[in-house]
Amino acid sequence: MVFDEDGSLDPLLKFLLYTVLTLTAAKMLWEWLTEDVSRWITVDLWGLIADHPWWTGLIVASGLYVLLLLGRLLSFLLDAGLYAGPEDTFVDPSDHAADPDVLTFKMKQLSAMSATGFEQACADLLVRDGFRSPRRVGGAGDLGVDVTARDDEDRLLILQCKQYQNPVGSGHVQKFNGTARLHHGADLPIMIALNSFTQPAVDFAQHHQLILMGRPELKKWAHGQHLYDVLGIQNTTP
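Description of the structure in this document. (Residues numbered from 1 in each chain as written. Predicted model: local features only at pLDDT ≥ 70, side-chain atom pairs only at ≥ 80, totals over all residues. Heavy atoms only, no water.)

Considering the packing of aromatic side chains
Within this structure, the stated rule accounts for one aromatic pair. Consider the rings of Phe131 and Tyr228, whose centres lie 5.1 Å apart with planes at 80 degrees: the pair is edge-to-face. Linking Phe131 in the loop between α6 (115-128) and β1 (132-136) with Tyr228 in helix α10 (residues 227-231), this pair joins segments that are 97 residues apart in sequence. Summarising the burial analysis for this pair, Phe131 and Tyr228 share the class buried. (Phe/Tyr/Trp six-rings, centres within 6.5 Å; stacked < 30°, edge-to-face > 60°. Helix = DSSP H or I, 4+ residues; strand = E, 2+ residues; numbered from the N terminus. Buried < 20%, exposed > 50% of the residue type's maximum accessible area, 1.4 Å probe, protein only.)

Remarks on the pattern of salt bridges
With the rule as written, the count across this model stands at six salt bridges. Close ionic contact of Asp129 with Arg128 constitutes a salt bridge, the shortest N to O distance being 2.9 Å. The partner of Asp154 in a salt bridge is Arg132, and the shortest N-O contact between them spans 2.9 Å. Here the residue Asp154 occupies a position in the loop between β2 (147-150) and β3 (156-162), and Arg132 occupies one in strand β1, the gap between them amounting to 22 residues. Asp154 sits in the partly exposed class, given a relative accessible area of 42%. (Salt bridge = Lys/Arg side-chain N within 4 Å of Asp/Glu carboxyl O.)

Points about helix α9 (residues 215-222)
When α9 is considered as a whole, its buried residues turn out to be Arg215, Leu218, Lys219, Trp221 and Ala222. Looking straight down α9, one finds that the buried residues subtend no more than 165 degrees of arc, so they occupy a single side. Immediately downstream of α9, the backbone of Gly224 shows phi near 130 degrees, a positive value. (Arc of directions from axis to C-beta.)

Some points on the packing of α6 against α9
Following both chains from N to C, one finds α6 and α9 inclined at 55 degrees, their axes separated by 11 Å at the closest point. Comparing their axes, α9 and α6 come out oblique. Facing Phe118, Cys122, Leu125, Leu126 and Arg128 of α6, the residues of α9 in contact are Leu218, Trp221 and Ala222. Residues that form the contact of α6 with α9 fall into these classes: seven nonpolar, no polar and one charged. (Axes fitted to C-alpha atoms, helices over the stretch in contact; angles between N-to-C directions. Parallel < 35°, antiparallel > 145°, perpendicular 65-115°, else oblique. Contact = heavy atoms within 4.5 Å. Nonpolar A, V, L, I, M, F, W, Y, C, P; charged D, E, K, R; others polar.)

Structural data, given as structure tokens:
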């Protein structure tokens with residue numbers, strides 16, 4: 001994709017464009033230092049454009065198209081996990097990710113999923129951890145519940161999963177507080193944010209005893225640790 005969900009230019013494409021601009025500026029600076037910049041602009045460059053306007057337009061259009069294709073290719077490779085940053089490749093030795101039979105996700109995999117896929121991944125991790133009847137119910141009119149499950153003490157978990165590119169604000173946490181317990185009867189209302197929460201959201205959640213799982217906690221859970229171990233909840237499930 002050329003643009004992210006928030007309307008900004010794709011970071012990879014932005015990097016490529018900045019690289020081209022930097023190289024162009026560097027060339028102009030070098031020409032200026034060698035006292036040939038005026039000739040390069042007024043004679044060489046302008047002469048080339050004036051003599052071959054159609055070829056110049058075609059070359060510029062082709063160059064932009066190639067940059068777009070390169071941006072999409074690199075984005076695909078990143079989403080496929082062929083390239084990963086240190087945050088996504090490092091796994092704590094205490095994690096269970098070394099066991100190939102244990103379900104795990106990289107953070108880049110979670111970021112590349114659709115909103116529905118992200119919710120389903122959270123439900124699958126609950127299955128891995130031994131919770132009973134994990135179910136994805138998110139959708140239009142879900143009233144703040146994306147995933148439900150029960151633990152061995154029959155406590156009801158209500159999960160709301162936010163895959164936003166920016167930290168989740170207090171308004172979303174307030175809405176979740178209004179439905180998680182009162183409407184759904186949650187014993188453990190848990191809100192998950194791919195890119196964490198704002199400080200006002202954290203303060204509100206602490207005051208109303210809501211459980212927030214930000215990016216650091218989500219990473220540990222996705223890499224193999226049990227949900228209750230990550231959140232510091234007494235774990236009675238196997």
